[in-house]
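# Commentary on secondary and tertiary structure
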Amino acid sequence: MKKFLPIFAALLIAVFAIACGGGEDTAKKEMTEKPAEMAAPSGYEVMTVANGGTISGTVTYAGAMPKKVKIVKTKDTAVCGKTTHYKEDLLVSGNKGLANVVVRIMNISKGKGMDSMGSEFVIDQNGCIFAPHVSIIPVGVECTILNSDGILHNIHTFSEKNSPINIAQPKFKKRITQSFSEAETFPIKCDVHNWMNGYIVVADHPYYAKTDENGSFELGDVPAGTYTVGYWHETLGKQSMEVTVGEGAGADGSLEYAAGS
Ligand SMILES: [Cu+2]
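The subject of this paragraph is the overall build of the protein chain. A count of helices and strands for the protein chain gives 3 helices and 19 strands. Looking at the protein chain residue by residue over its 261 residues, the buried ones come to 42%. Across the protein chain, the fraction of contacts at a sequence separation of at least 24, relative to all contacts at a separation of at least 6, is 66%. Counting every atom, the protein chain has about 13500 Å² of accessible surface; 53% of that belongs to carbon and sulfur.

Written out as structure tokens, the structure is:
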């Protein structure tokens, strides 16, 4: 990731300095410096959340259990067809849990650090699908897009606030990186394989979560307060709800989507 390059370069210089037997004091100083924290996006202030609360719950789907729909892969079948994949636009578990819902606090301007979102953001193309189907990527952070298939893919984003990208990723290009500067949710497609689609959610603070296969999610270290929690699902759309969370307390953010809403 780009922001680590200066640190890596500093370490390299430090190691080189030791190897040459000079500048040891400088080298020690460089080696003991803490790595830079992931930069906070503008408009978001990082603070210590001493006794934060947790908003968690389950997002459910009220409709009938949808049938699994196999993705028909009509091109490059030797590679694309090596694994069977099913459409991910409406994934419901046995307990009606709805997967791939992005849950976020809509009105929060300060709280925990961006590092809580993790340090690696990877979208893989393996079997001619985008995995994960829905990716949450912090503003300004390099996301790695892998081509594990070793055939030509094409990364095409349909964003509005961020300049759309449309990059061919030939078979020899295993890895490209891309960052996004504005918080936005948009589709990503491959022009070579018309069934390939996914979504990127660019996050301008760390209070974003994605429901798992059981529809569960958790937003931790939330400063006490009343918030509007937003829910987004690619086919069922957006909803929001007020949630109040106390210090060190749990708050229920469970929500149901009506059938075909
Ligand atoms: Cu493709």
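Next comes the rest of the description.
So, on to the coordination of the copper ion. Protein coordination at the copper ion: the donors are His153 (ND1), Cys190 (SG), His193 (ND1) and Met196 (SD), at 2.0 to 2.7 Å from the metal. Because the angles between the 4 donor atoms bound to the copper ion fall within 96 to 133°, the donor set is best described as tetrahedral. We note that the donor set of the copper ion lies within a single chain, spaced as H-x36-C-x2-H-x2-M. As far as the burial class goes, Cys190 and Met196 line up, both buried.

A few words now on the environment of Leu152. For Leu152, the location among the structural elements is in the loop between strand 8 (143-147) and strand 9 (153-157). With relative accessibility at 42%, the residue Leu152 sits in the partly exposed group. Spatially, the C-alpha atoms of Leu152 and Lys173 are 8.8 Å apart, while their sequence positions differ by 21 residues. When sequence neighbours within four positions are dropped, the list of residues in contact with Leu152 reads Ala168, Gln169, Pro170, Lys171, Val192 and His193.

Below, the discussion takes up the packing of aromatic side chains. Taken as a whole, this structure holds 3 aromatic pairs when the rule is applied. Relative to Tyr231, the ring of Phe217 has its centre 6.4 Å away and its plane inclined at 85°; by these criteria the two rings are edge-to-face. Residue Phe217 is located in strand 15 (residues 216-222), and its partner Tyr231 is located in strand 16 (residues 225-233); the two are separated by 14 residues in the primary sequence. Looking at Phe217, the relative accessible area reads 6%, which means it is buried. Here Lys68 stacks its cationic end above the ring of Tyr86, 4.3 Å away from the centre of that ring. It is Lys189 that lies over the ring of Phe158; its NZ or CZ is 5.2 Å from the centre.

This part is about the pairing of strand 11 (residues 175-178). Successive side chains on a regular strand alternate, one facing one side of the sheet and the next facing the other. The alternating pattern of strand 11 places Ile176 and Gln178 on a buried face and Arg175 and Thr177 on a face that is not buried. Bridge count for strand 8 against strand 11 is 4 bridges, and the pairing is antiparallel. Bridge pairing in strand 11 links Cys143 to Gln178.

Looking now at the pattern of salt bridges. Inspection of every chain in the model, using the stated rule, returns 1 salt bridge. Between Asp149 and Lys82 there is a salt bridge, with the nearest N and O atoms lying 3.6 Å from each other. Linking Asp149 in the loop between strand 8 and strand 9 with Lys82 in the loop between helix 3 (77-80) and strand 3 (102-105), this pair joins segments that are 67 residues apart in sequence. On the basis of relative accessibility, which here comes to 8%, the residue Asp149 falls in the buried class.

Conventions and cut-offs
- Residues numbered from 1 in each chain as written.
- Predicted model: local features only at pLDDT ≥ 70, side-chain atom pairs only at ≥ 80, totals over all residues.
- Heavy atoms only, no water.
- Helix = DSSP H or I, 4+ residues; strand = E, 2+ residues; numbered from the N terminus.
- Buried < 20%, exposed > 50% of the residue type's maximum accessible area, 1.4 Å probe, protein only.
- Contact = heavy atoms within 4.5 Å.
- Areas by Shrake-Rupley, 256 points an atom, 1.4 Å probe, with all protein chains shown as cover.
- Donors = N, O, S within 2.8 Å, 3.2 Å for Na, K, Ca; no water.
- Tetrahedral: all angles 85-135°; square planar, octahedral: opposite > 155°, others 65-115°.
- Phe/Tyr/Trp six-rings, centres within 6.5 Å; stacked < 30°, edge-to-face > 60°.
- Lys NZ or Arg CZ within 6 Å of the ring centre and 35° of its normal.
- Pairing = 2+ DSSP bridges.
- Salt bridge = Lys/Arg side-chain N within 4 Å of Asp/Glu carboxyl O.

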